[in-house]
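Single-letter residue listing:
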Amino acid sequence: MPGLLGKKIGMTSVFSADGKNVPCTVIEAGPCVVTQVKTVEKDGYAAIQLGFQDAKEKRTTKALMGHFKKAGVTPKKHLAEFKEFETELNLGDTVSVELFDGTEFVDVIGTSKGRGFQGVVKRHHFGGVGQSTHGQHNRARKPGSIGACSYPAKVFKGMRMGGQMGNQRVTVQNLRVLKVIPEHNLLLIKGSVPGWKNSIVLIEK
């Protein structure tokens, strides 16, 4: 799907036409530059590679510098591919937040906040084991049984247990676009999106 790279600025709230206070996320969407045009004949599929945010030459590898020079653009920090653009794009073209004019819903892809190692109560919303009296001792937030010991004598794959939480690629679908502000490259989306402030997200139609 066509889309843009953007940066999550943070959250705020706006008033709707009927006077309701609606929470929303502010995203700096673009401007993105076309760094590569992939075709079915040459690459096996059709797609547009976009670059977002300028990078210093000394922090860019020689291979990527050759890639950017071939496209005739300055080095970029972030690259992503999108498909099915309505208009034909060429190397060096700029795609702005105006891409979402008239768009009602978008999907947002980002990396969720890392929470470190967490137990089953926080990670999987377990209710805890046992009751608070009748001899219960330090087991309130334990996972309980994880399987039989005699048969099958193993823990099944996918058993919900404590472990690393967050820091994963997350897609939130069908978020409503509240407002497009092209003069500041801003996109206001209803609700929350994955990631921390200033994190990079992908916005798709």
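Here the structure is shown first, and the text comes after it.
Description of the structure in this document.

Analysis parameters
- Residues numbered from 1 in each chain as written.
- Predicted model: local features only at pLDDT ≥ 70, side-chain atom pairs only at ≥ 80, totals over all residues.
- Heavy atoms only, no water.
- Pairing = 2+ DSSP bridges.
- Helix = DSSP H or I, 4+ residues; strand = E, 2+ residues; numbered from the N terminus.
- Patch = residues over 30% accessible without salt bridge, like charges linked within 9 Å, V, L, I, M, F, W, Y side chains within 5 Å.
- Areas by Shrake-Rupley, 256 points an atom, 1.4 Å probe, with all protein chains shown as cover.
- Salt bridge = Lys/Arg side-chain N within 4 Å of Asp/Glu carboxyl O.
- Buried < 20%, exposed > 50% of the residue type's maximum accessible area, 1.4 Å probe, protein only.
- Arc of directions from axis to C-beta.
- Contact = heavy atoms within 4.5 Å.

## Some points on the pairing of strand β1 (residues 3-15)
By the bridge criterion, five bridges tie β1 to strand β12 (residues 200-204) in an arrangement that is antiparallel. Among the inter-strand pairings, L4 is bridged to a residue of β12, identified as I203. Here β1 pairs with strand β2 (residues 21-29) via nine bridges, running antiparallel. Along β2, the bridge assignment pairs G10 with V26. Where β1 folds back on β2, the antiparallel hairpin that results is connected by five residues, among which G19 adopts a positive phi of roughly 90 degrees.

## Observations concerning a nonpolar patch on the surface
A cluster of nonpolar side chains, contributed by V155, M159 and M161, occupies part of the molecular surface with about 230 Å² of accessible area. Tracing the backbone shows M159 in the loop between α3 (120-124) and β9 (163-165).

## Section: helix α2 (residues 62-71)
All of the buried residues along α2 are M65, F68 and A71. Looking straight down α2, one finds that the buried residues subtend no more than 125 degrees of arc, so they occupy a single side. In α2, those exposed residues whose orientation departs by more than 90 degrees from the buried face are K62, A63, K69 and K70. Elements that come into contact with the buried residues of α2 comprise β3 (32-38) and β5 (76-82).

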